[in-house]
Structures are given as C-alpha cells and as structure tokens.
Amino acid sequence: MQENFSFEKWHKKYKTNKIVDLKKYFSIEEFNYLTDKRPSKCTCKFRYRQSDIDINVKYLDNNNLLLSYKGSKAVTPGQFCVLYDKDICLGGGIIKEVK
C-alpha cells in the first residue's frame, strides 16, 4: 500500500527547505493582438479568476511569442493565455509549448 505524500516527512528525510524554482518558458503561436502595444514586460492570466502573473515577452515572426514567467503551476499546452498592460487587454493565444 502506497503512503500518502507528506511535506513534513519529506522535509525531515531530506533536511531541506529549498524553494523550488518554478521559472518556466512557454510559446504562443498565432497570437491575436487587440492593440498596437508591444511591451516587453506585462502580465498574463491562464485562468479566468487567477491573479495576474508578471511575464517577459519576446516577439517573434508570424505573431509567435516566447514568454518567461515565474511562480505559476500547471501551465499546459492548449490553454489560453491572455496578456494585459495594467487594465488594457493586449490580446491572447493558445499555448503551444512549455519548457
């Protein structure tokens, strides 16, 4: 019978309190722009009621984007990602790849 995971048991066994670096990169193909703004830093959401996540954006050819973020879990290819500059929606697209 498999034991349930317990952070406390894991912490005692490995004697560490390191925070796992959740920094990730993901790409969006065929991003749909709603404005002419192209900031290199903005925020995004992967889910409707999610808090804004700070991201860095690299604009590629053919409306493709490469984005880096830190601190969000469970970002998955196929999800929508919507970018915001404060309260202005910049546009959105479908996540193609997560690294």
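Definitions and limits used
Residues numbered from 1 in each chain as written. Predicted model: local features only at pLDDT ≥ 70, side-chain atom pairs only at ≥ 80, totals over all residues. Heavy atoms only, no water. Helix = DSSP H or I, 4+ residues; strand = E, 2+ residues; numbered from the N terminus. Buried < 20%, exposed > 50% of the residue type's maximum accessible area, 1.4 Å probe, protein only. Contact = heavy atoms within 4.5 Å. Pairing = 2+ DSSP bridges. Axes fitted to C-alpha atoms, helices over the stretch in contact; angles between N-to-C directions. pLDDT = per-residue confidence, 0-100. Phe/Tyr/Trp six-rings, centres within 6.5 Å; stacked < 30°, edge-to-face > 60°. Lys NZ or Arg CZ within 6 Å of the ring centre and 35° of its normal.

Caption draft 1: Summary view of the overall build of the chain. Looking only at helices and strands, one finds one helix and six strands in the chain. When the helices and strands of the chain are placed in sequence order, the string is α-β-β-β-β-β-β. Per-residue burial for the chain yields a buried fraction of 28% across its 99 residues. Long-range pairs, those at least 24 residues apart, make up 56% of the contacts in the chain with a sequence separation of at least 6.

Caption draft 2: Representation of the sheet that holds strand β2 (residues 41-45) within the structure. On the basis of which strands lie adjacent, the closed barrel formed by six strands has the order β1-β4-β3-β2-β5-β6 and antiparallel pairing. Taking the axes of each pair of neighbouring strands and ignoring which way they run, one obtains an average angle of 45° across the sheet. In this structure, β2 lies alongside strand β5 (residues 80-85), joined through three bridges in antiparallel fashion. The residue bridging Lys45 from the neighbouring strand is Val82, located in β5.

Caption draft 3: Representation of the confidence of the model for the chain. Chain-level pLDDT for the chain is 82 on average; 77% of the residues reach the 70-or-more range. Contacts for the low-pLDDT stretch residues 16-21, under 50 throughout, to residues beyond four places or in other chains number four contacts.

Caption draft 4: Summary view of the packing of aromatic side chains. All chains considered together, the criterion is met by four aromatic pairs. Centre to centre, the rings of Phe31 and Tyr33 are 4.9 Å apart; their planes meet at 70°, and the pair counts as edge-to-face. These aromatic residues form a ring-pair network of at least three members: Phe26, Phe46 and Tyr69. Directly above the aromatic system of Tyr33 lies the positively charged group of Arg38, at a separation of 3.5 Å from the ring centroid.

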